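Architecture at a glance
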Amino acid sequence: FPVTIDGEVDIEGGEEKLNQHINEIENNFAEHILKTKKQAGVKIKEKQIEGIKFLFTHQSAILGDEPGVGKSLQLISAAYLRLKASGGRCLIITKPIVVNQLAKEIYGMTKSNSISTEYSKDAEWMVLPYSIFGNDRLREKVTSKLVQDAKSGKITVMILDESHTIKNGDPSERDPTGGMNHKSQNTTFNIQDISRHVPFVWGASATMVAEYRDWE
């Protein structure tokens, strides 16, 4: 996959075109909110626009802020723009309770008809729960498929919502054969194995970790 320079707006038309796309997202979401909640007046704030552009122009980034400031809006918007620039699909991993809500928000902002909450569907947007990567019955099948999708360039963007859910992981707990028969921390290791093959990996958390080390 092509490597971008951090801070570079690598989209045809530059920042002006980027701003146009952000306006499209804003209009889509305003219309969606009006239809679903009978509520008008959705406006992407300047600080949120800064967050969207920060994510879009960095291959690895963490969006850390307090709850209720629109981190999901920024992540989905940045991913939408990145897919326009680089193609491919977006994989979002989040807590089980918000999977369906995130899928609805993606539709509201992007109007995409290719959104799935099932790992087996090759959708443009896939939203999965962290719990599936710790499920003894499914985790190897899910991880194997997504690793292959990532290696083949199908997954361009990976978003870890509530990224503090994933820790660095103790390497001594990994399967020494290179497989997925880990002693523990399956969720962490499985997600790490996918992420190392995805060009754009972003996280968001209201609980910033005290220490961060490169998963590689």
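What this report covers is the structure whose coordinates are included nearby. (Residues numbered from 1 in each chain as written. Predicted model: local features only at pLDDT ≥ 70, side-chain atom pairs only at ≥ 80, totals over all residues. Heavy atoms only, no water.)

A separate point is the overall build of the protein. Helices and strands together make up the secondary structure of the protein, namely six helices and six strands. Secondary structure elements of the protein occur, N-terminal to C-terminal, as α-α-β-α-β-α-β-β-α-β-α-β. Taken over 216 residues, the protein has a buried fraction of 48%. Taking all contacts inside the protein whose residues are at least 6 apart in sequence as the whole, residues at least 24 apart take part in 69%. Put simply, the protein shows about 11,100 Å² of open surface, and 49% of that area lies on carbon and sulfur atoms. (Helix = DSSP H or I, 4+ residues; strand = E, 2+ residues; numbered from the N terminus. Buried < 20%, exposed > 50% of the residue type's maximum accessible area, 1.4 Å probe, protein only. Contact = heavy atoms within 4.5 Å. Areas by Shrake-Rupley, 256 points an atom, 1.4 Å probe, with all protein chains shown as cover.)

Another aspect to go through is the environment of P171. Tracing the sequence through the fold places P171 in the loop between β5 (155-161) and α6 (186-195). Residue classification places P171 among the exposed residues on the basis of a relative accessible area of 63%. Sequence spacing of P171 and F189 is 18 residues, and the spatial spacing of their C-alpha atoms is 9.0 Å.

In this section: the pattern of salt bridges. Summed over the entire model, instances satisfying the criterion amount to 13 salt bridges. Where K47 meets E50, a salt bridge forms, and the shortest distance between an N and an O atom there is 3.9 Å. A residue pair is termed a helical-turn pair when its members lie 3 or 4 positions apart in one helix, as K47 and E50 do in helix α2 (residues 46-56) at three residues. Looking at K47, the relative accessible area reads 64%, which means it is exposed. One salt bridge connects D193 with R196, and the closest N-O pair in it is separated by 2.8 Å. Put simply, R89, D122, K145, D149 and K154 are held in one network by salt bridges that share partners. (Salt bridge = Lys/Arg side-chain N within 4 Å of Asp/Glu carboxyl O.)

This paragraph deals with helix α4 (residues 99-110). Structurally, the α-helix is built with 3.6 residues per turn, so residues lying three or four positions apart point the same way. Relative to the 16 Å expected for twelve residues at 1.5 Å per residue, α4 spans 17 Å between its end C-alpha atoms, a close match to the ideal helical length. The complete set of buried residues in α4 reads V99, L102, A103, E105, I106, G108, M109 and T110. Considering only its buried residues, α4 is in contact with α1 (14-37), α3 (71-86), β2 (89-94), β3 (115-116), β4 (125-129) and β5. A positive phi of about 60° marks K111, the residue just after α4. (Expected span 1.5 Å × (residues − 1).)

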